[in-house]
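Residues per chain are reported as follows:
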Amino acid sequence: MVAFIAIATGLALLVATVYGLHRYQTMEVEYNVDRSIPLPPIDQKFPLNLGSNEPAVTTRRSWAPFTPAEPEEIEFKPVKSGSNWQRELLAAKERGDLERAAQICEQQFPLWSAYNQACIILRGHVADAEGEYREQLLLRLYRLAALAEFLHDKTVASTRLSVNQLKELDLRPLEGLRLDYAELGYAHLRLLRKHDIKLMVEFWGKPQRHLPPRELHLGFWQEIVDRAS
């Protein structure tokens, strides 16, 4: 009897441990540590255009409406290329020209590295901002990370596009894509960092759930894949 109780207790502990590890892996964000020079204090608006339908302030009371793109609206166009864009980006940062640095990143979308660098720049703006403007910038950072994840989702079940196919995408239809914090959460957004998440929870509370952006808009993603094939 004692042996049976010991075995049952051991199994219960094992199940609890496995569940705890699974939940930790789900809720923990993968953080990419990029080496970047410190950003100087700024007072200008952040220049990245992440969608015209963004609300001025996003809280749990206000969310951007979803305007799905029609299939015929999805077009393809080459992005501006250049093997030295990262060198140019670094030079812009070093001279404190953050507007130019943001434009360089935007020209290289939808490259993952370009989204990553844009998040770094925007994160510096969030740190220097206050009040309502800080919340607006935080929304842009969240949307930027969510768009990057939508395009570069690495889950096994998801269809992936090659780098060349991604470069040919017209990103304009993504401007109306609903990427709500309450619906998506932050656990699957690899470009967000712990401090970003802390600020988001302070402004908007805990999300209702955590989903990969592509899971929320699987039909829209399939339209993009079909066009690219």
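To keep things clear, this report deals only with the structure shown in the data block. None of the values given here were measured: they were computed from a predicted structure.

### Structural notes on the packing of helix α4 (residues 112–128) against helix α5 (residues 131–152)
(1) Moving on: Relative to each other, α4 and α5 sit at 165°, their axes nearing to 9 Å. In this view, α4 runs roughly antiparallel relative to α5, as classed from their interaxial angle. Read as a crossing pair, α4 and α5 show a hand that is left-handed. Along the contact surface, α4 presents Trp112, Tyr115, Ala118, Cys119, Leu122, Arg123, His125, Val126 and Ala127, while α5 presents Arg134, Leu137, Leu138, Arg140, Leu141, Leu144, Ala145, Ala148, Glu149, Leu151 and His152.

### Details of unusual backbone geometry
(1) Moving on: The omega angle of the peptide bond from Phe109 to Pro110 is 15°, so this bond is cis rather than trans.
(2) Moving on: Within the element layout of this structure, Pro110 appears in the loop between α3 (98–107) and α4.

### So, the side chain of Glu149
(1) Moving on: Inspection of the secondary structure assignment puts Glu149 in helix α5.
(2) Moving on: At a separation of 3.0 Å, a polar atom in the side chain of Glu149 contacts the side chain of Arg190.
(3) Moving on: Residues in contact with Glu149, not counting those within four places in the same chain, are Trp112, His188, Leu189, Arg190, Pro213 and Arg214.

### Some points on the pattern of salt bridges
(1) Moving on: For the structure on display, the rule yields seven salt bridges.
(2) Moving on: Ionic pairing is found between Arg190 and Glu149, a salt bridge with its closest N-O pair at 3.0 Å. One end of the pair, Arg190, is in the loop between α7 (181–184) and α8 (194–204); the other, Glu149, is in helix α5, with 41 residues separating them in the sequence.
(3) Moving on: The structure contains a network of salt bridges with shared partners spanning Arg178, Asp180 and Glu183.

### Observations regarding the packing of helix α2 (residues 85–94) against α3
(1) Moving on: For the pair α2 and α3, interaxial distance at closest approach is 8 Å and the crossing angle is 160°. Our classification of the angle between α2 and α3 gives roughly antiparallel. Here α2 and α3 pass one another in a crossing that is left-handed. Taken together, the residues of α3 that come into contact with α2 (itself represented by Trp85, Glu88, Leu89, Ala92 and Lys93) are Arg100, Ala101, Ile104 and Cys105.
(2) Moving on: Looking at the contact of α2 with α3, its residues break down into six nonpolar, no polar and three charged.

### Side note on the packing of aromatic side chains
Working definition: an aromatic ring pair is given by the centre-to-centre distance plus the angle between the planes.
(1) Moving on: Summed over all chains, the structure comprises seven aromatic pairs.
(2) Moving on: Taking the centre distance of 6.1 Å and the plane angle of 25° together, the rings of Phe150 and Phe220 count as stacked. Of this pair, Phe150 sits in helix α5 while Phe220 sits in helix α10 (residues 218–228), and the two are 70 residues apart along the sequence.
(3) Moving on: Of the residues examined, Phe150 reaches a relative accessible area of 0% and is grouped as buried.
(4) Moving on: Residue classification places Phe220 among the buried positions, given a relative accessible area of 7%.
(5) Moving on: Clustering of aromatic rings is evident, with ring pairs tying together Tyr142, Tyr181, Tyr186 and Trp204.
(6) Moving on: Directly above the aromatic system of Trp221 lies the positively charged group of Arg214, at a separation of 3.6 Å from the ring centroid.

What counts and how
Residues numbered from 1 in each chain as written. Predicted model: local features only at pLDDT ≥ 70, side-chain atom pairs only at ≥ 80, totals over all residues. Heavy atoms only, no water. Axes fitted to C-alpha atoms, helices over the stretch in contact; angles between N-to-C directions. Helix = DSSP H or I, 4+ residues; strand = E, 2+ residues; numbered from the N terminus. Parallel < 35°, antiparallel > 145°, perpendicular 65-115°, else oblique. Left-handed = near helix turned anticlockwise from the far one by under 90°. Contact = heavy atoms within 4.5 Å. Polar contact = N/O pair within 3.5 Å; in protein donor to acceptor, adjacent residues only side chain to side chain. Salt bridge = Lys/Arg side-chain N within 4 Å of Asp/Glu carboxyl O. Nonpolar A, V, L, I, M, F, W, Y, C, P; charged D, E, K, R; others polar. Phe/Tyr/Trp six-rings, centres within 6.5 Å; stacked < 30°, edge-to-face > 60°. Buried < 20%, exposed > 50% of the residue type's maximum accessible area, 1.4 Å probe, protein only. Lys NZ or Arg CZ within 6 Å of the ring centre and 35° of its normal.

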